[in-house]
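Structure assessment
Chain residues, written in single-letter form:
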Amino acid sequence: MAAAEHETSTPPKRGDDHQALAAFVGRWRANGWSYGSPEQKADQPKVLRERWMSTHEARWHTGNFFLVQVENALVGPAGSPPFDTLSIMGVDPLTGRSFVRSFENHGFARLYDVAREGTLWTFSGLTERARIEFSRGGDRQAHTWEWLHDGRWLPLCDRVAVRTA
C-alpha cells in the first residue's frame, strides 16, 4: 500500500483506542531470556538462552495520537553489543486498527498489527509476534515473543517489565 493511501485531509479524532495505549506510558525495567538464534532447534527451543536486560520508556508525542517508545537492551554476556529499538504506536485513522512500527539498531524495520482484549495485547507481524499482558494495576508487563524460524513459530524471548516511573 502506498503512503499516499493513508493520507486524508480530514483530521483524525482521538478515541478510546488511543487512550488505551496509555498503558505503555512510563519508564520500565525488564529482565528475562532471549532464545532466538540461527542454531535454535524446534525440539528444544529454549535450550540456547541468553540473559535479557533492558529499559524502555514510552511517552506521548505532541498531540497525544502516537506513543514514542525507546528501548535499550543488553542480550547475552557483558560486553555484548546493544540491541536498541525505536517504536511508534498509534491508531490508523482510516482502518481504526492499532499498530506498532519499530526500527532496530541492527537495521530492521518491522510493522505489527495490534489487538487488545482487556489487559492482553497481541502484536502480529510477518516474522515476529508477541503477547504482552499487563498486571491488574498496570505496573507490570509480561512479554512473550515468537519468531518465524525455518517455517515454524519458535520462542524468541520472554521477559517481565516493571514500571519504575
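Residues numbered from 1 in each chain as written. Predicted model: local features only at pLDDT ≥ 70, side-chain atom pairs only at ≥ 80, totals over all residues. Heavy atoms only, no water.

Some remarks on the environment of Ile132
We apply this condition: Going along the chain from the N terminus, every DSSP run of H or I of four or more residues is numbered as a helix, and every run of E of two or more is numbered as a strand. Any two residues whose heavy atoms approach within 4.5 Å are treated as being in contact.
Within the secondary structure, Ile132 is located in strand β8 (residues 128–134). Separated by 17 residues in sequence, Ile132 and Ala115 place their C-alpha atoms 10 Å apart. When near neighbours in sequence (up to four residues on either side) are disregarded, Ile132 contacts Phe24, Thr119, Leu120, Trp121, Phe123, Gln141, Ala142 and His143.

Some details on the sheet that holds strand β10 (residues 152–163)
Threshold: Strands were regarded as paired on the criterion that DSSP finds at least two bridges between them. All axes are obtained by fitting lines to C-alpha atoms, using only the stretch in contact for helices, and the reported angles, taken between N-to-C directions, cover 0 to 180 degrees.
Taken in spatial order, the 10 strands of this closed barrel run β1-β2-β3-β4-β5-β6-β7-β8-β9-β10, and their pairing is antiparallel. For this sheet, the mean angle separating the axes of adjacent strands, direction not counted, is 25 degrees. Pairing between strand β3 (residues 67–75) and strand β4 (residues 82–91): eight bridges, direction antiparallel. Residue pairing in the sheet places Leu67 in a bridge with Met89 of β4.

Things to note about the side chain of His18
Just so we agree on the cut-off: Relative accessibility decides the category of a residue: with a 1.4 Å probe and only protein chains considered, values under 20% of the type maximum give buried, values over 50% give exposed, and everything between is partly exposed.
Its place among the elements puts His18 in helix α1 (residues 16–20). When its relative accessible area of 6% is taken as the criterion, His18 is described as buried. Those residues in contact with His18 that lie beyond four places of it in its chain are Lys13, Trp60, Asn64, Phe65 and Val91.

Let's talk about the pairing of strand β2 (residues 50–60)
Alignment of strand β1 (residues 26–34) against β2, held across nine bridges, turns out to be antiparallel. From the neighbouring strand, Gly26 faces β2, where its bridge partner is Ala58. Of the strand pairs in this sheet, β2 and β3 are connected by nine bridges, and their pairing is antiparallel. In the sheet register, Arg59 faces β3, and the bridge partner there is Val68.

Quick notes on the packing of aromatic side chains
Inclusion rule: Only rings of Phe, Tyr and Trp enter the pairing, Trp through its six-membered ring, and a pair is recorded when the two centres are within 6.5 Å. The plane angle decides the type: under 30 degrees is stacked, over 60 is edge-to-face, the rest tilted. Only when the NZ of Lys or the CZ of Arg is both within 6 Å of the ring centre and within 35 degrees of the ring normal is a charge said to sit over the ring.
Overall, the coordinates contain nine aromatic pairs when judged by the stated rule. Judged by centre distance (6.3 Å) and plane angle (50 degrees), the rings of Phe24 and Phe123 are tilted. Here Phe123 lies in strand β7 (residues 120–124) and Phe24 lies in the loop between α1 and β1, a separation of 99 residues in the sequence. Given a relative accessible area of 3%, Phe24 falls into the buried group. Taken together through their ring pairs, the aromatic side chains of Phe24, Trp28, Tyr112, Trp121, Phe123, Phe134 and Trp145 make up a single cluster. For the cation-ring pair, Arg51 lies above Trp33, with the distance from its terminal atom to the ring centre recorded as 4.2 Å. Lying over the aromatic face of Trp121, Arg116 brings its terminal NZ or CZ to 5.7 Å of the ring centre.

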